[in-house]
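The residues making up each chain are set out below.
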Amino acid sequence: MMEDLKEQFGDIDIYLFDQLLKGRITKEMRILDAGCGSGRNVTYMLRSGYKVYAIDRSEAAVQQVQRVAAAIAPVWSKEQARVEAVEQMSFADESFDFIISSAVLHFAEHEAHFDQMVQELWRVLKPGGRLFARLASSTGMESLVQPLGNERYLLPDGSSRFLVDDERLLALTARLQGQLFEPLKTVIVSGKRCMTTWCIQKGN
């Protein structure tokens, strides 16, 4: 039974799985995984016939997604997975109903880079579409992170990340004229890092 579930859902992010359970991601939608890595968040959707597109700046990652998709997706075109940076995508404006950005935005080098990535995700999102983002934050760990400049911080786990906090995300939501479709949720992992889930809907 466990093996069947693992095969069906892969290593999907539990908060993204929650969106599937809530019916927010459907087969009629065009879905983008922006910064897909090896495709852990789209395995289930590919196998189940969802219209999934994926980008990553890593050629190896995209090749892995191509291999997996070719083997399990009922309908798949190579055009659906592309080697591209989030801040410079080749998709037309308003191309997607649902965009996944899981553990990507915190790799921003500085504030302008972060803003560029967010603006590009917003550009390719349809009116009424939803952006699901998980990213590192300082929420609840403010005293444990060391500033490195450019809004980047050294975390207790030894990594350096671009960090946001609730105030920044709420201000950004207002600036984009978007609306949260879930409250901001932050998980502190073993006192070493924080991950915040930011779910925002574009106005019509």
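From a predicted model like this one, the values you see are computed outputs, not experimental measurements.

Definitions and limits used
- Residues numbered from 1 in each chain as written.
- Predicted model: local features only at pLDDT ≥ 70, side-chain atom pairs only at ≥ 80, totals over all residues.
- Heavy atoms only, no water.
- Pairing = 2+ DSSP bridges.
- Helix = DSSP H or I, 4+ residues; strand = E, 2+ residues; numbered from the N terminus.
- Axes fitted to C-alpha atoms, helices over the stretch in contact; angles between N-to-C directions.
- Phe/Tyr/Trp six-rings, centres within 6.5 Å; stacked < 30°, edge-to-face > 60°.
- Buried < 20%, exposed > 50% of the residue type's maximum accessible area, 1.4 Å probe, protein only.
- Lys NZ or Arg CZ within 6 Å of the ring centre and 35° of its normal.

**Considering the sheet that holds strand β8 (residues 160-162)**
Hydrogen bonding along the main chain pairs the strands of a sheet, whether they run parallel or antiparallel. The antiparallel open sheet is built from three strands, whose spatial order is β6-β7-β8. Each edge of the open sheet carries a strand with a single partner, namely β6 (146-149) and β8. Across the sheet, the mean angle from the axis of one strand to that of its neighbour is 35°, orientation sign disregarded. Summarising the sheet, β6 and strand β7 (residues 152-154) pair through three bridges and their orientation is antiparallel. Of the residues in β7, the one forming a bridge with Gln146 is Leu154.

**Brief notes about the packing of aromatic side chains**
Enumeration over the complete set of coordinates arrives at five aromatic pairs. Relative to Tyr50, the ring of Tyr44 lies with its centre 6.1 Å away and its plane at 55°, an arrangement referred to as tilted. Like Tyr50, Tyr44 is buried. Ring centres of Phe91 and Phe96 lie 4.9 Å apart, and the angle between their planes is 85°; this geometry places the pair in the edge-to-face category. For Phe91, a relative accessible area of 5% corresponds to the buried category. Members of the aromatic cluster, joined through ring pairs, are Tyr53, Phe91 and Phe96. Here the guanidinium or amino end of Arg130 rests over the ring plane of Phe181, the centre of that ring lying 4.9 Å away.

**Re the pairing of strand β10 (residues 185-189)**
Sheet topology note: the β10/strand β11 (residues 193-201) ladder contains five bridges and is antiparallel. From the neighbouring strand, Val187 faces β11, where its bridge partner is Met195. Between β10 and β11, which pair antiparallel and follow one another directly, the connecting turn spans three residues, one of which, Ser190, has a positive phi of 50°.

Structural measurements only, silent on function.
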